[in-house]
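Here's the letter readout for the chains.
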Protein chains: 2
Amino acid sequence: MKAARSHTDGRVRAVVDRVLPEVGGGRFPVKRIVGDAMAVTAHAFTDGHDAIACMLGFRHESESEWTEVPMTALVNDEWRGEFVLEKLGRYRYTVTAWVDHFLSWRNELKRRVDPADIASAALVGGKLIAEAANRAGRSDGARLRQWGKQLIAATDAEEVKRIALDEEMSEIVQRHPDRRYAAAYGRELSIVVDRERARYSSWYELFPRSTSPDPGRAGTLRDTEARLPYVKALGFDVLYLPPIHPIGRVKRKGKNNTLTPTADDVGSPWAIGSEEGGHKTVHPELGTLDDFRSLVAAARGLDIDIAMDIAFQCAPDHPYVKGHPEWFTWRPDGTVQYAENPPKKYQDIYPFNFESDDWMALWQELKSVFDFWIDQGVTVFRVDNPHTKPFPFWEWLVTEIKTEHPEVIFLAEAFTRPKIMHRLAKLGYTQSYTYYAWRNTKHELIEYFTELSSGPGREYFRPNVWPNTPDILTEYLQHGGRPAFSARLLLAATLAASYGIYGPAFELIERVPREPGSEEYLHSEKYEVRTWDLERPESLRFLIARVNAIRRDNPALQNDATLTFAETDSDQLIAYVKATPDLSNALLIVVNLDPHHRQSGWVEIDPPKLDLEPDHPYQVHDLLTDARYLWHGRRNFVELEPGMGHVFVVRRRVRDERDFDYFV
Amino acid sequence: MKAARSHTDGRVRAVVDRVLPEVGGGRFPVKRIVGDAMAVTAHAFTDGHDAIACMLGFRHESESEWTEVPMTALVNDEWRGEFVLEKLGRYRYTVTAWVDHFLSWRNELKRRVDPADIASAALVGGKLIAEAANRAGRSDGARLRQWGKQLIAATDAEEVKRIALDEEMSEIVQRHPDRRYAAAYGRELSIVVDRERARYSSWYELFPRSTSPDPGRAGTLRDTEARLPYVKALGFDVLYLPPIHPIGRVKRKGKNNTLTPTADDVGSPWAIGSEEGGHKTVHPELGTLDDFRSLVAAARGLDIDIAMDIAFQCAPDHPYVKGHPEWFTWRPDGTVQYAENPPKKYQDIYPFNFESDDWMALWQELKSVFDFWIDQGVTVFRVDNPHTKPFPFWEWLVTEIKTEHPEVIFLAEAFTRPKIMHRLAKLGYTQSYTYYAWRNTKHELIEYFTELSSGPGREYFRPNVWPNTPDILTEYLQHGGRPAFSARLLLAATLAASYGIYGPAFELIERVPREPGSEEYLHSEKYEVRTWDLERPESLRFLIARVNAIRRDNPALQNDATLTFAETDSDQLIAYVKATPDLSNALLIVVNLDPHHRQSGWVEIDPPKLDLEPDHPYQVHDLLTDARYLWHGRRNFVELEPGMGHVFVVRRRVRDERDFDYFV
C-alpha cells in the first residue's frame, strides 16, 4: 500500500501549514538582529473536534538539540509563538503539532451534563491519565497515578468534574504529551542573525589618497587614520574605502576617464593589480599592511568599522592574469576579453570567467581574499558589482564566511534590475544599495519606501540608501545646490535605518558634472587625487553631525519597519512618522523637497495611532533646532525653508497643567 | 569543497524563481479542466549582461518524457509560456533556463561599431557556431559549418554583420543549445486536470424514498429513474442521492429527529448499515443493485451524472462493528464511542477510529467502497463530513482513485472552518460546499464571491453553492417566501459555475422549520418519507429550467473567474458582470435581494471594459423575459419585483442604424 506522501503513519492527524515568516517557500533565510524576539505564526488544526497542541521548535546551527516553546492559538486556526535570538549566526525553526487527547477530553468534559456520560468520561480520563503517568518520570508519574485513582473513585458527576478539571494536574499531564503521531511542518526554515550594525548603520565613503592635508602630496592610510576623528564627529560608524590595492598600469585611464593618461596619472582604484600585487596587497602609495591594520584598530577604538571594497576584476597587469590565465576569457585572436557593454569598452578591466573549467579553484581563491582581510580585522565588505558574478558563487561564499564569522556584513553594490538585487539579498547579502538616489519626488519616495519597509522583501532586503556615490551625482543635486543636499541628507538619514554619503564631496556640496546630462563628477576622485577644504563655511558637517546624533538617540530611526507616511496638502512637503511598536519613541519628520522655494502647508496625522488623546494638545519638539510647538488634533501647519526639515519628537501630555515639562 | 546547496556545478549561472501558479510552494496541485491552456510565469535571469533561454517543461504523469515549449520574456525578468492540457489526470511542470552565449553574442554584435571589435567578434561567433554544429545532427550541422566559414571569411564589418545576423541560421543554432549548465527550478509543480463538469455543474438532490407517485408506498430507485425526465427538464446535470444503503435499526431516530421511533419509522439514510448490509449494499426497500445500475445508465443517457453520497460512519448494527471491532473506539465501560459534540449526542452513529492500529486495513476497506460504486458506473461522489476524517487519508484516497479514474469528481461536504475547507480542496477534493447559504446581504455576497473568484484559493478551491440542503433551511428562505427562493436561485446559478438545490423542497418553496430559530425542516426527509406534488402552481420549476438553459448557452456563467461586481445605488440591488476573457459573451446580472418590496435604482458599469463605445447606445437583452432595452453610458435605471432579477446579455452596436438586429 502506498501511504500518503508526506506521512509514513496514517494516524498523524494534525496538520501544520503556512509557517511564517518564510522566503521563497523556505529556500532562503529571513534576517534578524541578535536580541530580537523571533515571532512565528502557523496554521495548525486537525480533523474533527479534537484539541491540538502546537510547538515552535528552534535551534542555533551550532547546537544539535532543538528547543521548543508552546504556541498560542489565535483566531481561525492560526497559532503564534516566539523566542529570543541570543546568538549571531544561523538558526533553524519549524512547527510541530499533535492531537492532544487529554486536552480534548478535558474540553468535552466541561460541556457534559448527563451524569451517565460523565461517569463514562471519568473512566476514559482515568485511562488517559494512566498513560500520561507511564510517559512521565517517577515523581510526576506518582502524582498522576494518585490523581487518576481519585478520579475513577469519584462517586457523582460534580465530584468527577471537580477532580478532573484540576489545573495543576492538567499542567503536569501537558508536560508529558503523547507525541507518537506528531505532525511536522515538513520544512525547516532558517534565520540569519546579524549584529545590530546590519540593521542600523551610518556610512561615510572617502578616497584615502585624497585625505592628505598637504596639497603637495597624495593621501595615505596614515592620513586616513588622522581623518577618523572628523568622521567620528560627523557621527558615522562605518568608514568605507574604495579598493586600496595596487592599480594597474596597462590601459590605465587618465583624469576624467580619458584614454590618454599622463605618466603621473594615478588611475582608478577599481582597476586592480599590477606587478606590485593584487587583491591581497596594499598599494605602496597608500602605505603598508601595518598601516592598514593600524587604521582598522584606531577605527575600532572609535566604534567605527572599516568597510573594505571587494571588486572581483583585474587590471591587465594583475598577477592573476599571468598566474591563472584559465580564469579569464581568451578570444580566438589571442587576447583576453576585457569588460564591455557594447558599444562601451573598459579595456583596463578584465572580468573573471566563472565558466572556467577551473571554477572551483577560482572560487577558493576569491574566498581567500575575504579571509585575508578578515584576518586583518575587517568585518564589513562593500562588494562591487556582485550582479556580474554568478549567484551560486555568492551563496556559497557568503554562507561559508558567515558560518565562520557571523559578525561579517556584506553590502551589495548592485545598481541593477529589481529581481537581481533581491536575489543577492536572498542569497545572503546583509545590506543592499538601492534606487534612492533616483527617487526624488514625493510620489516616488512614498512608493519606494513603502515597498522597502513593508513589501515582501522586508524579511531579507535591508536597504542602504545613498544620496551620492563617486558614480552618482544626480540632477537634483547638480541643480538644487546646498538645499538639495540638505533635503537628501535628511531624507536618507530618517527614512532608512542605514544610509551613507560619499564625502567630503557630499558635505562640501560638490556638484559639477563632467558634462551636461552626465551623472559623473567633473574631476572625479576615481581618476585623480583631490584635496578638500573641510572647513569651508558652506559645509553641511554640522547638520550631518546633528542628524546622526538624533539617529543614535532615537530607536525609531534605527529600524526600517517603523515607517508610515502622513498626508500633507503640498506636493513639495513630505511627511512621515517613525515610531517604535510600543510608541515609546515616536517621530514626525517633515521635509521641504523644493530646493528653491520656501513651502508651507498642513500636515495630517492620526493622534490616537500615536497614543495621543484626540482632544488634548501635544508637543512636537524639533530635534534639529530644539524648537517646541504645541499642536492640536489631526491637522497642523508647517513652513519650511528650501531643502530644510523638521525632525519632531512627538510628546503627549501626562498632566493637565500647561507646562511643557509634563510632555513625555 | 562544499558547493552551493542547490547546484552541483558552479557554472550554472541562470536562476529560475517564483514559478506560478503554485499552491503551498508546490506541495499541492493546481486545478484545471481538460482542453485549458495552462499559462505559467516565472522569474528567470542570470548575472551580468548575458542573454538567457527559458523553457517550460511539462509531462502528463502517464508519460516519462518531458515536452518543452519556449517561454517568452515579458518585462522585468518575468517569462511566460503555455501549453494545452489535452488529457485528464495529473501533469507536472517546471521551468529550466540557461545562459545562451550565441544569443548574447548576437545581441552584442548588433550594438558594436568599432571595425576591429567586429572582426574579433566574428571569430568568437565562428567558434560558437562550430560548437553548435557539433551539437546538431548531420543536416543542421553541415549548414551551420558552412555559415561559420562564411562568417570568418567576411572581410569587412558590414559583411560580418550581414552574415552574422541571418535570422534563419540563428534559428538553427537555437535548436541546438548548449544546456550543460542549465538551471532547473528545483521543484516540479503539478496540475490535476478534470473533466468540464468539475468546473461547471448543476446539481439536484432528492431522496429516492420520496419519489413515489403513490402516497401509499415509499419511493424506490425505479421511481427515481422515472423522475429523471423531470430533472432533465429542469436542466440539471448531476443528480445527487443521499445514502442508499440499509439503515440501522439500533438507536434509529424517529420523525423530526426524535429518540422515540415507531416500528414503521424509516430512519436516517446517514445511519448506515444493518444486518442487511453496509456501504456496498443497496437498501432492499429502495431496490436492487441492478436497479441502481439501471438508474445510472438511464441518467447517463440524459447526460446526467448520479452523485453517490459517501458517509463514512456506521449505525450500531453495521456489519463492520462486529466484523472489525478494532476500527471503532471502545470505551472503558465496554461500549463503542458514538458520535458526539457534548452536550449533543448521536447514539445512532459510530465514527471510525482512524487512530486504530489497524488503520491500513481500514483505509483499504474505505477505498474499496469507492471502487465498488465506481464499478457500478458512479463517477461523482458527494462525501459527507470529510473534515471529521484525517487529512492524510483523503490525500491518499483521492490521489489513488483519481490516478486510476481521473474522471471522478469528489464534492466535499465540509461546512466547517475556512482553513479546513481549503485543506480538503488542496488535498484533492474537486469541488467544495461553501458558506453561500449564510451570505444573504449585498455586502456579504460581494465579499464572499470576490474571495471565491479571485482570492488565493482560486487555483484549487472550486465552490459549489447551495441555497438549501436537507440540513439547511435559512431564515432568509423561511421568512422571504417564494421571492426569497427565486432570488437565491438566481444568485446561486449566476454567481457560481457550480450550484445545487435540494428538491423538490426547493422548487416547491418548502419553508417551515421544525421550531422557531431552527434551520431544520419540519417533517424533514432525513427521518421520514415525503410525497411531493410537483405540479403545484407556485413551483419555481419553469424559472429554474430557464436559468439552467441560460447557463448552458452562456460560457461566462460556466466559470468562476469571470466575475466582477458592479455598483448600484441601492443596498437591495446587487449587480455583477460575468464575461469571458475575450468578451464574446458578456452578461450583466441584477438581482433584487428584497423578498418583500419592489426596488429600483441605478446600475453603473464601465462600457469600455465590455468593449462598448462610450458614446454609443448598447443593447441589454434580458434572457429571463426576452425583453430588450437600449442603454447609454455608465449609469442606467432598473426596477425589479421582490426577489426577481435581470440576466442581461450585453450587446454592442455593429452598425449605426437603429435596428436591434445589428447588436451582437
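Model, not experiment: these values are computed from the prediction.

Some details on the packing of helix α6 (residues 221-234) of chain A against helix α14 (residues 541-553) of chain A
All names here are of chain A. Where α6 meets α14, the axes come as close as 7 Å, and the angle between the chain directions of the two elements is 60°. In terms of axis orientation, α6 runs oblique to α14. In this structure, α6 contributes Tyr 230, Ala 233 and Leu 234 to the contact, and α14 contributes Arg 541, Ile 544, Ala 545 and Asn 548. In terms of residue class, the contact of α6 with α14 is made up of five nonpolar, one polar and one charged.

Some words on the pairing of strand β27 (residues 618-622) of chain B
All names here are of chain B. Burial of β27 is extensive: five of the five residues sit out of reach of the surface. Alternating residues of β27 divide into Tyr 618, Val 620 and Asp 622 and Gln 619 and His 621, and every residue in both groups is buried. Taken together, the four bridges between β27 and strand β28 (residues 628-631) define a ladder with antiparallel strand orientation. Among the inter-strand pairings, Val 620 is bridged to a residue of β28, identified as Tyr 629. Between the end of β27 and the start of β28, which pair antiparallel, lie five residues, with Asp 626 showing a positive phi angle near 70°. In terms of strand pairing, β27 meets strand β30 (residues 645-652) through five bridges, oriented antiparallel. Each bridged residue has a counterpart across the sheet, and for Gln 619 the counterpart in β30 is Arg 651.

Remarks on the side chain of Ser 268 of chain B
Relative to the helices and strands, Ser 268 of chain B resides in the loop between β12 (238-241) and α7 (289-301). Beyond its immediate chain neighbours, meaning those up to four positions away, Ser 268 of chain B contacts Ile 247, Lys 526 and Tyr 527 of chain B.

Some thoughts on the relation of the copies chain B and chain A
Laying chain B over chain A is done by rotating through 180° and shifting 0.1 Å along the axis; what remains is an RMSD of 0.1 Å. On this basis, the relationship between the two copies can be described by a two-fold rotation axis. Considering only C-alpha atoms, the residue of chain B closest to the rotation axis is Gly 25 of chain B, which sits at 2.7 Å.

Comments concerning the packing of aromatic side chains
Residues and elements named next belong to chain B. One pass over the full model with this rule turns up 91 aromatic pairs over all chains. Between Phe 58 and Phe 83 the ring centres are 3.9 Å apart and the planes differ by 0°, which places this aromatic pair in the stacked class. Of the two residues, Phe 58 sits in strand β4 (residues 52-60) while Phe 83 sits in strand β7 (residues 78-84), which places them 25 residues apart along the sequence. A relative accessible area of 11% places Phe 58 in the buried class. Relative to Trp 147, the ring of Phe 102 has its centre 6.1 Å away and its plane inclined at 65°; by these criteria the two rings are edge-to-face.

Side note on the nonpolar core
Ranked by internal contacts, the top residues of the largest apolar core, which has 157 residues, are Tyr 93, Phe 292 and Phe 381 of chain B. Among the elements that take part in this core, helix α13 (residues 475-495) of chain B stands out by supplying 11 residues, more than any other. Core analysis: the next-biggest nonpolar cluster, separate from the first, contains 156 residues, Ala 14, Val 23, Ala 307 and Ala 484 of chain A among them.

Points about the sheet that holds strand β3 (residues 37-45) of chain B
Ordered by their spatial adjacency, four strands build an open sheet running β1-β3-β7-β6 (chain B), and the pairing between neighbours is antiparallel. Pairing within the sheet leaves two strands with one partner each, and these edge strands are β1 (15-20) and β6 (72-73) of chain B.

Observations concerning the pairing of strand β7 (residues 78-84) of chain A
Residue and element names in this part refer to chain A. Residues Trp 79, Gly 81 and Phe 83 line the buried face of β7, whereas the alternating positions Glu 78, Arg 80, Glu 82 and Val 84 sit on a face that is not buried. Sheet topology places strand β3 (residues 37-45) next to β7; seven bridges connect them, and they run antiparallel. Looking at the pairing, Met 38 lines up with Phe 83 of β7. Hairpin remark: strand β6 (residues 72-73) followed by β7, antiparallel, with four residues in the connecting loop; positive phi at Asn 76, about 60°.

Structural notes on the sheet that holds strand β25 (residues 586-592) of chain A
All names here are of chain A. Spatially, β28-β27-β30-β25-β24-β23-β26-β29 is the arrangement adopted by the eight strands of the open sheet, whose pairing is antiparallel. Either end of the sheet is taken by a strand with one partner, and the two such strands are β28 (628-631) and β29 (635-640). Taken pair by pair, the neighbouring strands of this sheet meet at an average axis angle of 30°, ignoring direction. Each of β23 (563-568), β24 (573-579), β25 and β30 (645-652) is contacted by helix α13 (residues 475-495), which is oriented at about 25° to β24, the strand it contacts most.

Thoughts on the pattern of salt bridges
Counted by the stated rule, this structure contains 110 salt bridges over all chains. Where Arg 13 of chain A meets Glu 355 of chain B, a salt bridge forms, and the shortest distance between an N and an O atom there is 2.8 Å. In this pair, Arg 13 of chain A sits in the segment before β1 (15-20) while Glu 355 of chain B sits in the loop between β17 (350-351) and α9 (359-375), so the two residues belong to two different chains. Each of the two residues, Arg 13 of chain A as well as Glu 355 of chain B, counts as buried. Linking Asp 17 of chain B and Arg 423 of chain A is a salt bridge whose minimum nitrogen-to-oxygen distance equals 3.5 Å. A residue pair is termed interchain when its members come from two chains, as with Asp 17 of chain B in strand β1 and Arg 423 of chain A in helix α11 (residues 418-427). Grouping residues by exposure puts Asp 17 of chain B and Arg 423 of chain A together as buried. Residues joined in a network through salt bridges with shared partners are Glu 108, Arg 112, Asp 114 and Asp 117 of chain A together with Glu 340 and Lys 345 of chain B.

Some details on the interface of chain B and chain A
Taken together, the contact pairs 77 residues of chain B with 76 residues of chain A. Both sides of the chain B and chain A interface together cover about 6700 Å² of buried area, and 52% of this is carbon and sulfur. In this structure, the salt-bridge partner of Lys 345 of chain A is Asp 117 of chain B, at a minimum N-O distance of 3.5 Å. In terms of residues, the side of chain B that touches chain A owes the most to one element, helix α10 (residues 391-404) of chain B, which gives six residues. Taken together, the residues of the side of chain B that touches chain A sort by class into 26 nonpolar, 19 polar and 32 charged.

Let's talk about unusual backbone geometry
Comment: phi is negative for the bulk of residues other than glycine, and the bulk of peptide bonds are trans. With an omega of 0°, the peptide bond between Leu 20 of chain A and Pro 21 of chain A qualifies as cis. Locating Pro 21 of chain A in the fold gives a position in the loop between β1 and β2 (30-33). Cis geometry marks the peptide bond from Pro 342 of chain B to Pro 343 of chain B, where omega comes out at 5°. When you line up the elements, Pro 343 of chain B lands in the loop between β15 (339-341) and β16 (344-346). Positive phi values are uncommon outside glycine, yet Asn 256 of chain A reaches one of about 55°. The backbone phi angle of Ile 509 of chain B is positive, close to 60°, even though this residue is not glycine. Residue placement: Ile 509 of chain B occurs in the loop between β22 (498-502) and α14 (541-553). For Ile 509 of chain B, a relative accessible area of 12% gives the class buried.

Some details on the confidence of the model for chain A
Residues and elements named next belong to chain A. In the predicted model, chain A carries a mean pLDDT of 95, and the fraction of residues at 70 or more is 97%. The low-confidence segment residues 1-7, where pLDDT is below 50, has 21 contacts with residues more than four positions distant or belonging to other chains. Among the prediction metrics, the complex's ipTM stands at 0.93, with pTM recorded as 0.94.

Focus: the environment of Val 16 of chain A
Residues and elements named next belong to chain A. Topologically, Val 16 is positioned in strand β1. With relative accessibility at 7%, the residue Val 16 sits in the buried group. Taking C-alpha positions, Val 16 is 31 Å from Asp 582, a pair spaced 566 residues apart along the chain. Beyond its immediate chain neighbours, meaning those up to four positions away, Val 16 contacts Ala 42, His 43, Val 95, Thr 96, Ala 97, Ala 183 and Tyr 185.

Some remarks on the environment of Lys 127 of chain B
By the element assignment, Lys 127 of chain B lies in helix α2 (residues 115-135). For the pair formed by Lys 127 of chain B and Arg 462 of chain B, sequence separation is 335 residues and the distance between their alpha carbons is 54 Å.

What about helix α3 (residues 138-153) of chain B?
All names here are of chain B. In this model, α3 (16 residues) spans 23 Å end to end at C-alpha, consistent with the 22 Å of a helix rising 1.5 Å per residue. Among all positions of α3, only Asp 140, Gly 141, Leu 144, Trp 147, Gly 148 and Leu 151 are buried. Along the long axis of α3, the arc covered by the buried residues comes to 130°, so they all point the same way. For α3, the exposed residues lying more than 90 degrees away from the buried face are Arg 138, Ser 139, Gln 146, Lys 149 and Ala 153.

A closer look at the environment of Val 282 of chain A
Residue and element names in this part refer to chain A. In this fold, Val 282 is placed in the loop between β12 (238-241) and α7 (289-301). Taking the C-alpha atoms as reference points, Val 282 and Val 321, separated by 39 residues in sequence, lie 19 Å from one another. Apart from residues no more than four positions distant in its own chain, Val 282 is found in contact with Leu 221, Ile 244, Pro 246, Gly 287, Thr 288, Leu 289, Phe 292 and Trp 373.

Digging into the packing of α2 of chain B against α3 of chain B
All names here are of chain B. Taken N-terminus to C-terminus, the directions of α2 and α3 make an angle of 170°; their axes are 8 Å apart at the nearest point. Between α2 and α3, the angle is such that the two are roughly antiparallel. Note on element contacts: α3 touches α2 through Gly 141, Leu 144, Arg 145, Trp 147, Gly 148, Leu 151 and Ile 152, opposite Ala 122, Leu 123, Gly 125, Gly 126, Ile 129, Ala 132, Ala 133 and Asn 134. Residue composition of the contact of α2 with α3, grouped by class: nine nonpolar, five polar and one charged.

Procedures and definitions
Residues numbered from 1 in each chain as written. Chains lettered and ligands numbered in written order. Predicted model: local features only at pLDDT ≥ 70, side-chain atom pairs only at ≥ 80, totals over all residues. Heavy atoms only, no water. Axes fitted to C-alpha atoms, helices over the stretch in contact; angles between N-to-C directions. Helix = DSSP H or I, 4+ residues; strand = E, 2+ residues; numbered from the N terminus. Parallel < 35°, antiparallel > 145°, perpendicular 65-115°, else oblique. Contact = heavy atoms within 4.5 Å. Nonpolar A, V, L, I, M, F, W, Y, C, P; charged D, E, K, R; others polar. Buried < 20%, exposed > 50% of the residue type's maximum accessible area, 1.4 Å probe, protein only. Pairing = 2+ DSSP bridges. Least-squares fit on C-alpha atoms with pLDDT ≥ 70 in both. Phe/Tyr/Trp six-rings, centres within 6.5 Å; stacked < 30°, edge-to-face > 60°. Core = buried A, V, L, I, M, F, W, Y, C linked by side-chain atoms within 4.5 Å. Salt bridge = Lys/Arg side-chain N within 4 Å of Asp/Glu carboxyl O. Buried area = accessible area lost by both parts, 1.4 Å probe. pLDDT = per-residue confidence, 0-100. Expected span 1.5 Å × (residues − 1). Arc of directions from axis to C-beta.

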